Amino acid sequence: MKLFHSINDFHSTKKTILTLGTFDGVHIGHKKILERITQNTENGRYESLVLTFFPHPRMVLQEKSEIKLLNTIAEKTKLLEATGIENLIIHPFDESFSRLTAEEFVHSILVDQFHIQKIIIGHDHRFGRNRTANIDNLIAYGVEYGFEVEQISAQEIQDVSVSSTKIRKALTDGKMDLANEYLGYDYFLSGKIVKGKQLGRTIGFPTANIEIEEDYKLIPKTGVYAVKALIDQKEVFGMMNIGFNPTVNGQKQTIEVNLFDFDADIYDKKIEVSLLHFLREEQKFGSIDLLKEQLNQDRINALAFINQF
């Protein structure tokens, strides 16, 4: 997959089959559209293209927006590449871009820059200044400029309409099973392993502290999870705590993973942790011994879930 960081950087001698949107999460609804894109390239006659944006438009247009995203740029790129898309453009979204009218966008970008053959979009897509244009407008532009428009219906995606908003809600509620079902994969966190207070190793549960650089990445509900980690290309199961460590009067939220049957120096290494199942809420225990007792039970519960795979 070729990656471009501006619309102006993309040049092709072929016509394109394309889609556009924020694609946050690259969930099962998005994948319906992306599959249709790759099916329409007619064995290389056309090029497949995805246009997405960063920052998320709501970060730019809504002054008080505190939206958290399901994917970092690197994660989204990885997920989109796996779909077989040939070209990905991550265009900087700013107020100037948002002021393009629908016709300016269609004429100067879709037609002149992308040489569009066909656009495939979801059932609720809106575009142009103030998002005033809809599918009917796009079809009319298609007739005027000579390109096809295909719409994926909500029913075709699923009986219930999948959306990034619904997935964010499921994650903040700790409903991992629902979130992962909507995503079509296990939600994951990517970061670097840093040194923490190393309290876990003193009670028999050493943990790797994960630092996530991107402050816009959505961190799911505080609590304990059964997880699968990928480190040094090796898969390791474990359990993870997202929270404030109230038993030892922690003040700052941490993300700590205890890897089962694993012993290696992994400080400063990259780790990807997939959240498989929410085990329990974070709680404050009356003593370290009670905490250890609960951690032993958490391990049993995590392994019981993992062994179902």
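Source: prediction; values computed, not measured.

J.: Looking at this structure, how should I read the confidence of the model for the protein chain?
T.: Low pLDDT marks stretches whose predicted atomic positions should not be read closely. On average, residues of the protein chain score 91 in pLDDT, and 95% of them are at 70 or above. Highest mean pLDDT in the protein chain belongs to strand β1 (residues 2-4) (98); lowest belongs to helix α7 (residues 154-157) (64).

J.: For this particular structure, what's the right way to read the packing of aromatic side chains?
T.: To describe a pair of aromatic rings, you give the distance between the ring centres and the angle between the ring planes. One pass over the full model with this rule turns up ten aromatic pairs. Considering the side-chain rings of Phe97 and Phe105, the 6.3 Å spacing of their centres and the 85° angle between planes classify their relative orientation as edge-to-face. By relative accessible area, which is 12% here, Phe97 ends up buried. Taken together through their ring pairs, the aromatic side chains of Phe53, Phe93, Phe97, Phe105 and Phe127 make up a single cluster. Of note, Lys217 hangs over the ring of Phe188, and the distance from its end group to the ring centre comes to 5.5 Å. The ring of Phe260 is capped by Arg299, whose NZ or CZ atom sits 4.5 Å from the centre of that ring.

J.: So what exactly am I meant to see when it comes to the packing of helix α5 (residues 102-111) against helix α6 (residues 135-145) here?
T.: Helices that pack against each other are described as a pair by the angle of their axes relative to one another and the distance between those axes. At a minimum axis distance of 11 Å, the contact between α5 and α6 shows a crossing angle of 50°. Put simply, α5 runs oblique to α6. When you trace α5 past α6, the crossing you get is right-handed. For the pair α5 and α6, contact is made by Ala102, Glu103, Val106, His107 and Val111 and by Leu138, Tyr141, Glu144 and Tyr145, respectively. Looking at the contact of α5 with α6 residue by residue, the class counts come to six nonpolar, one polar and two charged.

So, how was this worked out
- Residues numbered from 1 in each chain as written.
- Predicted model: local features only at pLDDT ≥ 70, side-chain atom pairs only at ≥ 80, totals over all residues.
- Heavy atoms only, no water.
- pLDDT = per-residue confidence, 0-100.
- Helix = DSSP H or I, 4+ residues; strand = E, 2+ residues; numbered from the N terminus.
- Phe/Tyr/Trp six-rings, centres within 6.5 Å; stacked < 30°, edge-to-face > 60°.
- Buried < 20%, exposed > 50% of the residue type's maximum accessible area, 1.4 Å probe, protein only.
- Lys NZ or Arg CZ within 6 Å of the ring centre and 35° of its normal.
- Axes fitted to C-alpha atoms, helices over the stretch in contact; angles between N-to-C directions.
- Parallel < 35°, antiparallel > 145°, perpendicular 65-115°, else oblique.
- Left-handed = near helix turned anticlockwise from the far one by under 90°.
- Contact = heavy atoms within 4.5 Å.
- Nonpolar A, V, L, I, M, F, W, Y, C, P; charged D, E, K, R; others polar.

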